[in-house]
Every structure is written in structure tokens, then in C-alpha cells.
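This is what each chain is made of:
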Amino acid sequence: MEKNIPGREENKKSTDCSIAEDNKSALQFIEEVTTNVDEVQKRVVAEILSRNANVEYLQRHNLNGHTDRETFKKVIPVITYEDIQPDINRIADGDKSPILCSQPISEFLTSSGTSGGERKLMPIIEEDFGRRSQLYSLMISVVSQSVGDLEKGKGMYFMFVKSETKTPGGLLARPVLTSIFKRPHFHNSNYTSPIETILCLDSYQSMYSQMLCGLCQNKQVLRVGAVFASAFIRAMRFLEKHWSLLCNDIRTGTINAQITHLSVRESVMKILKPNPELADFIDAECRKSSWQGIVTRLWPNTKYVDVVVTGTMSQYIPTLEYYSSNLPLVSTTYASSECSFGINLNPLCKPSEVSYTLIPTMGYFEFLPIHRINNEVKNSISMSELQEQQQLVDLVDVKIGQEYELVVTTYSGLYRYRVGDVLRVAGYKNNAPQFTFVCRENVILSIDSDKTDEAELQNAVKNAVSDLMPFDAHVTEYTSYADITTIPGHYVLFLELRVNSSTPIPPSVFENCCLNIEESLNSVYRQGRASDKSIGPLEIRIVETGTFDKLMDYCISLGASINQYKTPRCVKLTPLVELLNSRVVSSHFSQTCPNWIPGDKQWNNMN
């Protein structure tokens, strides 16, 4: 029991008052900037252009010191990474002249996207971390408004770093989360994981020690999570595999000998004490036949799960709900290596209703309208038409229901940069639009003239797996592969299943899944299958349980960040395809061609 220390109650009241004032100030700030959106955006672009008036990039495009956005839009082109890669390379090689930004580039943040097979390098200036920190503070205030007393407990978050590198010019290059985790202010954050466990580069030791600390402090945990849903589920599966070892550590107050990092052991020992009662409790829960609700069983005071469940991460929602007894799944922020963008102002909403309000002080935002033709993403501005820059619209001019590609201008030296994210306008907070994340604007599968993007493939798989439900089987993970070794080439889907029934699934069910997936794909694909015969029958390959964990481990061994890792929805590297194929337990093909009729589906429905 806590002793009644003189002054403790007064200090607690003072702290509570300070937190309340901070939250009030943050919410007032959100009200102000979302009300005066256009004025804020004008000020932001003017400030960026004013401070960077003499940089080489803007002079090269003849901006000539103008700070108004009309001139900016007229003379500065919309770009992709490849357009500025030569400038990035100069900075990376050590050129300290003001090429993109008047302030020194303090480091590069490595994007999870690639260019020419290599990670993209995003320039960052020191003050930009203040904006990222501000967005986090705003998010905490918003969540605290919906979920009270968070300051009275801890968060159990599974966080990992990747080894950093230096460019030839001596600048650090590392993922954004690695950079954040290594900053001094982060060390004071109220998490169950000591900073030493987070900074440990050995993914097994890091996961083991973080899980051990989370279990030791189970009654203090008020929120759990990871950056992406996949990482949190990986942690739960890690617990399924190693709970007996963890229980032994808690029972004896000693750390497993496999944890060899001295700083990790020392930090954990400050938390770990012999606790046979807790060990018995965890042992009893983990021995039960079902792991449904394991989060709320082991961490009974948990109020929500903080993970990204938008975009491709939405496929993990059923598994998250299984583990967490339908706790709220909260997607809090929208950010990238390029820039911090916005927050979810309704954190307890359903995952399907998540939308992000872009905070207009973070950067200058423009939007490239996108249209879908036969369910294919079509930019309304082709690359040859990008001289017509006025066709991009400002933050206050987007239309509800319309999809856009996000274009950003940052304080760190990106100007009218195409982020590659497709967003849909869902509503408004005051005068600020709110966006749902649709997908990355990219193509992941193509055999002939067909082009299948990530969102389309995910929807097709979702439509098909309903055939597995009568057998109590669920797709836990999937990826795809364009197999061009056959003639004609064909799509291959690797599926990992969780099967809870003893009844075997007939091959005909998988064959029907193949056809249902094909029926859900775009008309160009279906024409290639049914009419042109340029695409072969779609194939499903069922793989052993644990295959996608091995795929992740392999990608991490090649240098992928465990923090930023997301299961690739298409694999192209031969070693990855070989790994998947080595674990195939059965293979099934579509037995008939999908339906295809010339002309638009809407016209045909009118006949």
C-alpha cells in the first residue's frame, strides 16, 4: 500500500490540473486551426517559401522569392521521389549548401517505400521533430477526452528499432520511429517497456523482454498496442509460443538465459521480482483451450488497443477482436517519413469509420483528384499534363466522397511532393476535411494489360473467404505473386489459414474461392481470362501455419524495419517466392472463367 507522504496529494492535484490544462489548450488549438484552415495554409506556405527563398531548388524553378501560393503553384512542378533523387544524393554525399532547405538537414528518414529497389531518403530538419511531437500531444489530448484517467496507468506497446546507417556525407539514415525512440524526450514516456528493451536490435530479445515487462505490470496497463496491427498480433503469437518461459521468469524473479544483452537484463531486473501468484495466474489463462480475449484476461484494466487498422491493416481486425474481446481498436494518427499529417478526432469509432483530420500547421497540403474507371485508379492529371498545376486543389476545396492523391510541401525541403497515398473525403471538422485512407497508389499485380492494385486485391480476397466460414476457417495472412513461368501467366495467392474445425475443407471449396476472387477483380483482368485468354486461371496455394512469420523474419534479416514491416501484398524477390513455395500444403485453380461482358457494367445493368 502506498504510504501517505506529506505533499503527495497536493502534487497529484497539481499534476492532474496541469494535464487538464494541457488537454484543454490542445483541444482549443484544434478548434482554431480547423476553423481557420485556409488562413493557416496560406501562412504555412508563405513561411516555408520565405525561409527557403534562396535555396537552389526554388531558384532553379524561378520562384524568385515569391511567397504567395498562386505563384508557387504556377511555377513549381508536382514531383515524385525520382525527380529530386539527384538533389537527395548530393545532400547524402555531403553537400551542405542550401539545396532544398535553408536550415541544415539533420538526418534522413528512410521511407518504407522504395525507389529502384532501395529505401527512399526523406530529408528532415531538427525543428520538424517538434511538429511530430506536437501531433502526438494533440492525439493524446483527443484520446484522453474519450478515455479518461490514462495518466494513472501505463501503455504496453511493442516497439522496435532498426540499426541505423550513415550516408557518405555522415548524415544518419534511419526509420522515423527509430529516430523518435532514440530521442531523449521519448525515454520519459510512460510505457511498460524500458527504453533498453526497445533499443535492443535483437528482435527476439526485444520482444521477449518487452512482453515480460508487460506481464509483470499487468494491473497497471491501461492501453496496449503497436504501430501496425500486424506487429501486435505477432506479439500475441509470440506469447502463445513462449508463455511457459515467461511464467518461469516471473515465478523465480530471474531472466531466461537467452536474454544476453546486459543493459536489457539490468533494465528488466528493476521491474522483475519473484511473483508466484502472478505466474500461476498467467499459466492458468494461457493453458486454456481458447485464446479468445487473452488481452483482457491477462491485462484486465486495458481500455483500448492502439494500432493502425486502416488500409491493408484492416484485414487483421477479426484477429484483433478475437484476442481483445472487442476492445475499441483505435487508429490515432496519420503520418509518414515525409511529414506528419493528421489525427483521428473520433478515436473510439469503428475501424471502418476511421478518418483523419489533417492539421494544417504540419505542412502545406494539395490534392490530386483521382477517378476509378473499371475499378482502376486513374489520376485526373497524367504526368504529361502536370503543367496544368492549377488542377490540384487546396485543403478547403476537396469534395466529400471524392478520392485524391496527397501532395505535400514540407518545412524540410519537399515541394509539391506526391506522397502516393490515396485518400477519400469522409466529412468535416469545422472547415477542415476528414479523410479515410484508401490505399497506396500503386499496382501490385500485372500479367498482360491488367493492373490490380492493393485495395482491389484485398477486397477480392475478402469476398472470397466467405466460402471458408462454414468450416470455421479464416485467412490469417496472404500475399500474391504474378507467375509468368506458365503460359499464359497467372495470379497466385498464398493463403495461411486458421482452421478451428476438424472437418477437412474439400478442394472444390478452394476452387470456388479462386473463381470468386476472379469475379471480384476488374474488367480488364476478366477480359484477359474470359475473352483474350491472355491470363491463366488464378491459383490458391495454402501454406503451413507460421509461414508468414518466417517471411517477416526473412525480410527483417535482409534489413527491413520490424517497426515499419507490413506483409507485402505482392512478392517478387525469388527467395521470398521460394520460401512460400517450400511451405505449400495444397494447390487449387479456378475451374471456370469469370463472367465478362463487353462494355461498362452499369450499361449492361440497364438492359
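In the annotation of an unreviewed UniProt entry, the chain is listed under the name Indole-3-acetic acid-amido synthetase GH3.6-like and assigned to Nicotiana tabacum. The chain has a UniProt comment under Sequence similarities (unreviewed entry) that states "Belongs to the IAA-amido conjugating enzyme family."

A. View of the packing of helix α10 (residues 229-252) against helix α14 (residues 317-324). The geometry of α10 relative to α14 is characterised by a closest axis approach of 10 Å and an angle of 45° between their N-to-C directions. By the criterion of interaxial angle, the relationship of α10 to α14 is oblique. As for the relative orientation of α10 and α14, their crossing is left-handed in sense. Of the residues in α14, those in contact with A229, F232, I233, M236, R237 and E240 of α10 are T319, L320 and Y323. Looking at the contact of α10 with α14 residue by residue, the class counts come to six nonpolar, one polar and two charged.

B. Inspection of helix α18 (residues 547-557) at higher detail. Considered for burial, the residues of α18 that qualify are T547, F548, L551, M552 and C555. Down the axis of α18, the buried set is contained in an arc of 140°. They therefore lie on one face. Of the surrounding secondary structure, the elements contacted by the buried residues of α18 are α10, β20 (473-483), β21 (490-499), β22 (539-543) and α19 (574-581). G559 occupies a position one or two residues after α18 and carries a positive phi of about 115°.

C. View of the nonpolar core. F341, L358, F365, F367, L406 and Y417 are the most contacted members of the largest nonpolar core, which totals 82 residues. Shared between two domains, this core holds at least three residues of each, these being domain 1 (12-125 + 338-375 + 388-440) and domain 2 (148-302). Counting residues in each nonpolar core, the second largest holds 62 residues, with L215, L239, V295 and F494 among its members.

D. The arrangement of the sheet that holds β21 in detail. A sheet is described by the order of its strands in space; here four strands give the open sequence β20-β21-β22-β23, paired in mixed fashion. Both edges of this open sheet fall to β20 and β23 (584-589), since each of them pairs with a single strand only. Strand-to-strand twist across the sheet, computed as the mean angle between neighbouring axes with direction ignored, equals 25°. When β22 meets β23, the two strands line up antiparallel, connected through five bridges. Its bridge partner being in β23, E539 is matched across the sheet by F589. Along the sheet face, helix α15 (residues 454-464) touches β20 and β21 and points at about 135° away from the line of β20.

E. Looking closely at the state of the cysteines. Scanning the model with the defined rule gives zero disulfides in all. Take C514: it sits in no disulfide, and the sulfur closest to it among the cysteines is that of C513, at 7.1 Å. For C514, a relative accessible area of 0% translates into the label buried.

Calculation criteria
- Along each chain, residues carry numbers from 1 onward, in the same order as the chain's sequence is written.
- Reporting of local features is limited, given that this is a predicted model, to residues whose pLDDT is at least 70; pairs of side-chain atoms are given and counted only at 80 or more, and all residues count toward the totals for whole chains, interfaces and linings.
- The basis for every side-chain value is the complete set of non-hydrogen atoms in the structure, without hydrogens or water.
- UniProt positions are given in the numbering used here, feature names are shortened, and annotations may be inferred rather than shown by experiment.
- Note on geometry: axes are C-alpha line fits, over the in-contact stretch for helices, and angles between N-to-C directions span 0 to 180 degrees.
- The helix count covers DSSP runs of H or I at least four residues long, the strand count covers runs of E at least two residues long, and both are numbered beginning at the N terminus.
- Note on angle classes: values under 35 degrees are labelled roughly parallel, values over 145 roughly antiparallel, values of 65 to 115 roughly perpendicular, and the remainder oblique.
- Definitions for this section: a left-handed crossing has its near helix turned counterclockwise from the far helix by less than a right angle. A right-handed crossing has that turn clockwise.
- Any two residues whose heavy atoms approach within 4.5 Å at even a single point are treated as in contact.
- Side-chain classes are defined by residue name, with Ala, Val, Leu, Ile, Met, Phe, Trp, Tyr, Cys and Pro counting as nonpolar, Asp, Glu, Lys and Arg as charged, and the others, Gly among them, as polar.
- A 1.4 Å probe rolled over the protein chains alone gives each residue an accessible area, and that area as a share of the maximum for its type sets the label: buried under 20%, exposed over 50%, partly exposed in between.
- Our arc is simply the arc of the directions from the helix axis toward the C-beta atoms.
- What we call a nonpolar core is a set of buried Ala, Val, Leu, Ile, Met, Phe, Trp, Tyr and Cys residues that are connected through their side-chain atoms within 4.5 Å.
- Residue ranges labeled as domains rest on an automatic or database domain assignment.
- Following DSSP output, two strands are said to pair if at least two bridges run between them.
- Defined by distance alone, a disulfide is two cysteine sulfur atoms within 2.5 Å.

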